[in-house]
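Structure assessment
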Amino acid sequence: MANLQRTRLALVGCGLISPAHIRAFGSQKERLELVACCDRDKTKAESAVSLALGVMQEGDSISATTDFNALLADETITDLDLCLPHHIHKEITLQALRAGKHVLCEKPLALTPEDCDLMAQEARTQNRVLMHGENMRTASNIIAAKQAIDSGRVGTVVGLQATYAHWQSEVLNKDWRTRPSESGGGHLMDGAIHFVDVLRHLGGEIAGVHAMTAQYRPELGAESEDTAVLNFRFEQGHFGQMFASHASRGRGASPIVTVFGTEGCLSVEPFGGAGSVVLFPREGERENLFSDHNWQTTFDNEVSHFLDVIREGATLYSTPEDGRENIRVVLAAYESAKTGREVPVPKWED
C-alpha cells in the first residue's frame, strides 16, 4: 500500500531551471512537501521560496537556506532535487546519497562516464534512488513516439534526424557555463545532449559519431562551440543525424525529430497542438498520435515519475546509465570534431 504521507524534498540550486522544477513540485503537491530551497545566494533561495509558496499547498512552510549540510543532517528530508552547475553534480550527489537521500540530479549527470558510474554505484551501495534528470525522457510526446516505434508502426527503423536550434539568451551563459572545465563543453553538452538522449531512446545505442562544430557567438563562451552537426551510426545498423545550435533565431525546428522506417515515418513536432506526434504510414492518411504537448509538462512528468519510483516502487525510466551513455556520445563528438574522423562509441563494460 502506498505511503499516504507526503514525501519531504528539498531543492538544491535555485538558478534559471529551478522554476520549472518548482512548478512541477506544485503539480504533485498532494504527494510532495517542499521543505526548503537551498542556494549559496540567499536572494535566489528566497525568490524560489516565493514562487513555491504560490504553487504548493496552502499553509506549507518552506525555508530559504544557504546551509546544504543542514539539509543533509535533517533526517526528515528524504529526497533532494539538484539543479546545480555541471561540475559539482558528482560531489553533491555522492554527499546526498551517503546521507541517505534519494536524488534527482539535472542533466548532464556528470562530466565523465566514470563519474556517472561512481554515482550509480553509490546509489546501489546506499540503496537509494538516483534519477538522471533528463526531461526529454519523460516528455509525453517522446513517450508516445517510443510506444509507436516499439509497437511496429514504422516497421524497421532505417534512420533518425533531430534538430535543436534556438537563440540562447546571454543570461543563461554566464559564469560557469562559459568555462568548459566546469560546463563540460558548449551547446553539445548543455543543450544538444537532450536530443542525444532522445535519439538513443528512440533509435537504440549509438556505436559511432562523426561531428563538426563551429562558433558564431563567442559572447556565450569564448572556448565553446554553439553550433554542431553530428552523424551517428547506431548499433542496429541504421544511421542518424543532428543539427544543434543556439546561434539561430526564429522558429528553430519543425519537426524536432523524425524517425524513418520501412512501414512509415514518424515526426515529433515542437510547438504543441494537434501535430505533436504525427505518423505518416506507408498507405493512407497521416495520423495524429499525440497532441497538446508543452514544455512544463516534461518536468511535471519527471517529478511525478521520481515519486512513483520512490513511493510505489516503479521501475526507473531515466537511469544513471542513460546519463553515462549520453556523456559518452557527446565526448566522442568532441573528439571527432577535433580529429575530423568518426569516433567509435563501443559498448561500455559494466
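Just above, that's the structure.
Below is a summary of the structure that appears in this document. (Residues numbered from 1 in each chain as written. Predicted model: local features only at pLDDT ≥ 70, side-chain atom pairs only at ≥ 80, totals over all residues. Heavy atoms only, no water.)

**A closer look at a nonpolar patch on the surface**
On the surface, Met212, Val229 and Phe243 cluster together into a nonpolar patch covering about 270 Å² of accessible area. Here Val229 shows up in strand β9 (residues 227-234). Classification of Val229 as partly exposed rests on a relative accessible area of 33%. (Patch = residues over 30% accessible without salt bridge, like charges linked within 9 Å, V, L, I, M, F, W, Y side chains within 5 Å. Areas by Shrake-Rupley, 256 points an atom, 1.4 Å probe, with all protein chains shown as cover. Salt bridge = Lys/Arg side-chain N within 4 Å of Asp/Glu carboxyl O. Helix = DSSP H or I, 4+ residues; strand = E, 2+ residues; numbered from the N terminus. Buried < 20%, exposed > 50% of the residue type's maximum accessible area, 1.4 Å probe, protein only.)

**Some details on the sheet that holds strand β14 (residues 287-290)**
Spatial strand order, β14-β13-β12-β11-β7-β10-β9-β8-β15: nine strands in an open sheet with mixed pairing. The open sheet is flanked by β14 and β15 (343-344), the only strands paired with a single partner. Docked against the sheet, helix α10 (residues 320-339) engages β8 (206-214), β9 and β15, running at close to 55° with respect to β8. (Pairing = 2+ DSSP bridges. Contact = heavy atoms within 4.5 Å. Axes fitted to C-alpha atoms, helices over the stretch in contact; angles between N-to-C directions.)

**Section: helix α4 (residues 89-98)**
Residues separated by three or four positions in an α-helix point in the same direction, a consequence of the helix having 3.6 residues per turn. Taken together, the buried positions of α4 are His89, Ile92, Thr93, Leu94, Ala96 and Leu97. Where α4 is buried, its residues contact α3 (68-73), β4 (79-82), β5 (102-106), α5 (113-126) and β6 (130-133). Following α4 by one or two positions, Gly100 adopts a phi angle in the positive range, close to 85°.

**Focus on the packing of aromatic side chains**
Under the definition given, this model contains three aromatic pairs. Measuring from ring centre to ring centre gives 5.0 Å for Tyr164 and Phe195, while their planes differ by 35°; the resulting arrangement is tilted. Highlighted residues: Tyr164 in strand β7 (residues 157-165) and Phe195 in helix α8 (residues 187-203), separated in sequence by 31 residues. Positioned above the aromatic ring of Trp167, the side-chain terminus of Arg217 is 3.7 Å from the ring centre. Lying across the ring of Trp167, Arg249 places its NZ or CZ 3.7 Å from the centre. (Phe/Tyr/Trp six-rings, centres within 6.5 Å; stacked < 30°, edge-to-face > 60°. Lys NZ or Arg CZ within 6 Å of the ring centre and 35° of its normal.)

**Concerning the side chain of His21**
Checked against the element boundaries, His21 lands in helix α1 (residues 18-27). Within the structure, His21 has its side chain in polar contact with the side chain of Asp81 (distance 2.7 Å). Looking at His21, its side chain comes within polar contact range of the side chain of Glu106, at 2.9 Å. In contact with His21, not counting residues within four places along its chain, are Asp81, Cys83, Glu106, Phe299 and Glu302. (Polar contact = N/O pair within 3.5 Å; in protein donor to acceptor, adjacent residues only side chain to side chain.)

**A short note on the sheet that holds β5**
Pairing is parallel across the open sheet formed by six strands, whose spatial order is β3-β2-β1-β4-β5-β6. Each end of this open sheet is capped by a strand with a single partner; those strands are β3 (63-65) and β6. Neighbour to neighbour, the strand axes of the sheet diverge by 20° on average, direction disregarded. Taken together, the six bridges between strand β1 (residues 7-12) and strand β2 (residues 32-38) define a ladder with parallel strand orientation. When the bridges of β2 are listed, Leu11 appears paired with Cys37. Of the strands in this sheet, β4, β5 and β6 touch α4, which is tilted by about 170° from β5.

**Some points on the pairing of strand β12 (residues 264-268)**
Sheet faces and side chains relate simply in a regular strand, where the side chains alternate between the two faces. With five of five residues buried, β12 lies mostly within the body of the structure. Residues Gly264, Leu266 and Val268 point to one face of β12 and Cys265 and Ser267 to the other, with burial holding for every one of them. For strand β11 (residues 257-261) and β12, the ladder comprises four bridges, and the chain directions are antiparallel. If you follow Thr258 over to β12, its bridge partner there is Ser267. Between the antiparallel neighbours β11 and β12 lie two residues. Sheet topology places β12 next to strand β13 (residues 277-281); five bridges connect them, and they run antiparallel. Its bridge partner being in β13, Gly264 is matched across the sheet by Pro281.

**What to know about helix α2 (residues 42-55)**
For α2, built from 14 residues, the straight-helix expectation of 20 Å at 1.5 Å per residue is met to within 8% by its first-to-last C-alpha distance of 20 Å. Among the residues of α2, those classed as buried are Ala45, Ala48, Val49 and Ala52. In an axial view of α2, the angular spread of the buried residues amounts to 105°, which keeps them on one side of the axis. Among the exposed residues of α2, those oriented more than 90 degrees off its buried face are Thr43, Ser50 and Gly54. Looking at the buried side of α2, the elements it contacts are α1, β2 and β3. (Expected span 1.5 Å × (residues − 1). Arc of directions from axis to C-beta.)

**Re the pattern of salt bridges**
For the structure on display, the rule yields 24 salt bridges. Between Arg153 and Glu287 there is a salt bridge, with the nearest N and O atoms lying 2.7 Å from each other. With Arg153 in the loop between α6 (140-150) and β7 and Glu287 in strand β14, this pair connects stretches of sequence that are 134 residues apart. Classification of Arg153 as partly exposed rests on a relative accessible area of 33%. Residue Glu219 is joined to Arg217 by a salt bridge in which the shortest nitrogen-to-oxygen separation is 2.9 Å. Look at Arg217 and you get buried, because its relative accessible area is 4%. Salt bridges linked by common partners bring Arg137, Asp197, Arg200, Glu205 and Asp322 together as one network.

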